[in-house]
Amino acid sequence: MDIKLCSLSQVSIFFVLCLFTCSITASKETTCNNTPFPKFCKSVIPESANIHNHGRYSIQRSISMTNDFLSLVNRYLQSRNTLPDNTVHALKNCQLLAKLNLDFFSKAVESIRSSDSIESLKAYDMHTLLSATLTNHQTCVSELDAITSPSIPKNEFLVPLSNGSMLYSVSLAIFKHGWVNARRGRGRGRGKGRPNPDVVVPQDDGKLRLYPGGNAVNVTQKVVVDPSGNGNFTTINDAVAAAPDNTDGSNGYFLINIVAGVYEEYVNIPVNKKYLMMIGAGINQTIITGNRSVSDGLSTFNTGTFIVVGEGFVGVNMTIRNTAGAKNFQAVALRSGADLSAFYRCSFEGYQDTLYAHSLRQFYRECDIYGTIDFILGNAAVVVQNCNIYPRLPIQGQFDPITAQGRTDINQNTGTSIQNCTITPAEDLATTKTYLGRPWKEYSRVVVMESFLDSLIDPAGWSIWDGDFALNTLYYGEYNNRGAGSDTSNRVTWPGYHVINATDAGNFTVSNFLGGDIWLPKTGVPYNGGLL
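Rules used in this analysis
- Residues numbered from 1 in each chain as written.
- Predicted model: local features only at pLDDT ≥ 70, side-chain atom pairs only at ≥ 80, totals over all residues.
- Heavy atoms only, no water.
- Phe/Tyr/Trp six-rings, centres within 6.5 Å; stacked < 30°, edge-to-face > 60°.
- Helix = DSSP H or I, 4+ residues; strand = E, 2+ residues; numbered from the N terminus.
- Buried < 20%, exposed > 50% of the residue type's maximum accessible area, 1.4 Å probe, protein only.
- Lys NZ or Arg CZ within 6 Å of the ring centre and 35° of its normal.
- Disulfide = S-S within 2.5 Å.
- Contact = heavy atoms within 4.5 Å.
- Axes fitted to C-alpha atoms, helices over the stretch in contact; angles between N-to-C directions.
- Parallel < 35°, antiparallel > 145°, perpendicular 65-115°, else oblique.
- Left-handed = near helix turned anticlockwise from the far one by under 90°.
- Nonpolar A, V, L, I, M, F, W, Y, C, P; charged D, E, K, R; others polar.
- Core = buried A, V, L, I, M, F, W, Y, C linked by side-chain atoms within 4.5 Å.

1. Focus on the packing of aromatic side chains
Thought 1: Considering all chains together, one arrives at 17 aromatic pairs under this definition.
Thought 2: Considering the side-chain rings of Tyr476 and Trp494, the 6.5 Å spacing of their centres and the 50° angle between planes classify their relative orientation as tilted. Separated by 18 residues along the polypeptide, Tyr476 in strand β24 (residues 475-479) and Trp494 in the loop between β24 and β25 (497-499) bring together distant segments of the chain. As far as the burial class goes, Tyr476 and Trp494 line up, both buried.
Thought 3: Every member of this aromatic cluster is reached through a ring pair, and the members are Phe306, Phe313, Phe343, Phe348 and Tyr364.
Thought 4: The positively charged end of Arg292 is found above the aromatic ring belonging to Tyr266, 3.6 Å away from the centroid.
Thought 5: Sitting over the ring of Tyr124, Arg361 keeps its end group 5.1 Å from the ring centre.

Structure, rendered in structure tokens:
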């Protein structure tokens, strides 16, 4: 079968090839057979190169293909006034995601441009970014699949979307085999106890501590949001807009202090607003609320009450809520695609799809998470630690799978790790069947460890998505849990389900899974780096 490829000019191909010289010649067959798409890989990778040059070429090719796709999207957006709203939303989402991917690929190719070896932490960073390109691309595919407008000929998007999926997967696989060759773990990491929930955060000397004895956090500037007019701003979004663009966090955080109150606004922290810290007055004191849902004609991606993409975000002491209710299906409270982000002592309240941990590296500590179906979802590398997870009453005939993890590629370093959490029913739950999760995508990966599972958890533990989909390729693990729902003797017998040991569980700790010892200390958020 012939494979139709997106166009690249001969000049650009020649330029790319001329960048590379190789000291070790290797067959592209060897490289490509280690990718999920060997035939496609062989059709695009040059013969006379080693695996490192294959990686450079595939990532550079990914940049060109992403640029071509972005140009296609932009062309249709030029006629947005003639398109239905849902079509415009889908195209704008793809525009955002393609721009993010260009940035991620550019960072990756810069890191490996002149060296066959990069240090392990940098390799982990690039592995994370390349994993996210697939997540972003898959989200765009889903957005465009939902378009019904005859003004958008879907056939025009089929080839670039299909080729993009394969090329991004190939790039990730080659990078993983060529550069990712060291563990990031630093032992057990640090353990911190639960702080006094009534602690007042000092903010008078350019530094703050989120709990007694915690790390001092550098603050470059502090502003106050107060609807009464006694602060710097009356809305959260105005405060976000005032933050400097594209800071690197080296000098500290732009701090937004949000006084107690109910904020009926949809907060959006874009990619250029980096290293923001928001501190509210406490759970159920500072409340950010909205009610968008797919019933409004929006995609799940656009329903979030609070959306954050800016790197290094830290949220503390607030409630983020979506009140659309179970009857309106997917309705996100928080959607996060913010790398190196953390939420501490926050509450996320919704029903279906409450907490959308979309991509990159995220950490949640001592938070409350409420929902019904798939209410912790996405394809980030995320650890949920010391949190309370509360399944709620869905609409009649539905059940409650807690997680819907969206890993689509075996080489992505993504997954959901739930550690030392408490899973108990919300007050309204009654007798609804409740499961730890179900496989949203083919390589869905979830580990639940060292947590309290109440009797609401069905003895089978996990639920199917659709027939036998992903049961051989998923990875679901349980380790050293407690409570009436933790008995694994009647769990599912799928090939991908495992009762794991301490060694395997250690791979999903903050230190190993997130590289948290490197970036979490400067957030001031407490964490346990290893197993308890």
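2. Points about the state of the cysteines
Thought 1: Overall, the coordinates contain two disulfides when judged by the stated rule.
Thought 2: A disulfide bridge connects Cys32 with Cys41, and the sulfur atoms are separated by 2.1 Å. The S-S bond linking Cys32 to Cys41 shows a torsion near -65°; that makes this disulfide left-handed.
Thought 3: Judged by its relative accessible area of 0%, Cys32 is buried.
Thought 4: Paired by a disulfide, Cys94 and Cys140 hold their sulfur atoms 2.1 Å apart.

3. Topic: the environment of Gly477
Thought 1: Checked against the element boundaries, Gly477 lands in strand β24.
Thought 2: Owing to a relative accessible area of 0%, Gly477 belongs among the buried residues under this scheme.
Thought 3: Residues Gly477 and Ile500, 23 residues apart in the sequence, show an inter-C-alpha distance of 5.9 Å.
Thought 4: Excluding residues within four positions of it along the chain, Gly477 makes contact with Val446, Val447, Val448, Trp462, His498 and Ile500.

4. Things to note about the packing of helix α4 (residues 51-77) against helix α5 (residues 85-112)
Thought 1: With their axes 9 Å apart at the nearest point, α4 and α5 run at an angle of 160° to one another. As summarised for this structure, α4 and α5 are arranged roughly antiparallel, according to the angle between their axes. Between α4 and α5 lies a crossing of left-handed hand.
Thought 2: Taken together, the residues that form the contact of α4 with α5 break down as 16 nonpolar, nine polar and three charged.

5. Regarding the nonpolar core
Thought 1: Grouped together as the largest cluster of nonpolar side chains are 59 residues, with contacts concentrated most on Phe69, Leu91, Leu144 and Phe157.
Thought 2: Going through the elements one at a time, α3 (38-44), α4, α5, α6 (120-145) and α7 (155-179) are the ones with two or more residues in this core.
Thought 3: For this core, the element with the highest residue contribution is α5, accounting for 13 residues.
Thought 4: In contact with Phe157, not counting residues within four places along its chain, are Phe69, Leu72, Val73, Tyr76, Leu91, Leu144 and Ile152.

6. Description of the packing of α4 against α7
Helix-helix packing is characterised by the crossing angle of the two axes and by the distance between the axes.
Thought 1: Following both chains from N to C, one finds α4 and α7 inclined at 155°, their axes separated by 9 Å at the closest point. With respect to α7, the element α4 is oriented roughly antiparallel. Relative to α7, α4 is oriented so that their crossing is left-handed.
Thought 2: Residue composition of the contact of α4 with α7, grouped by class: 14 nonpolar, 11 polar and four charged.

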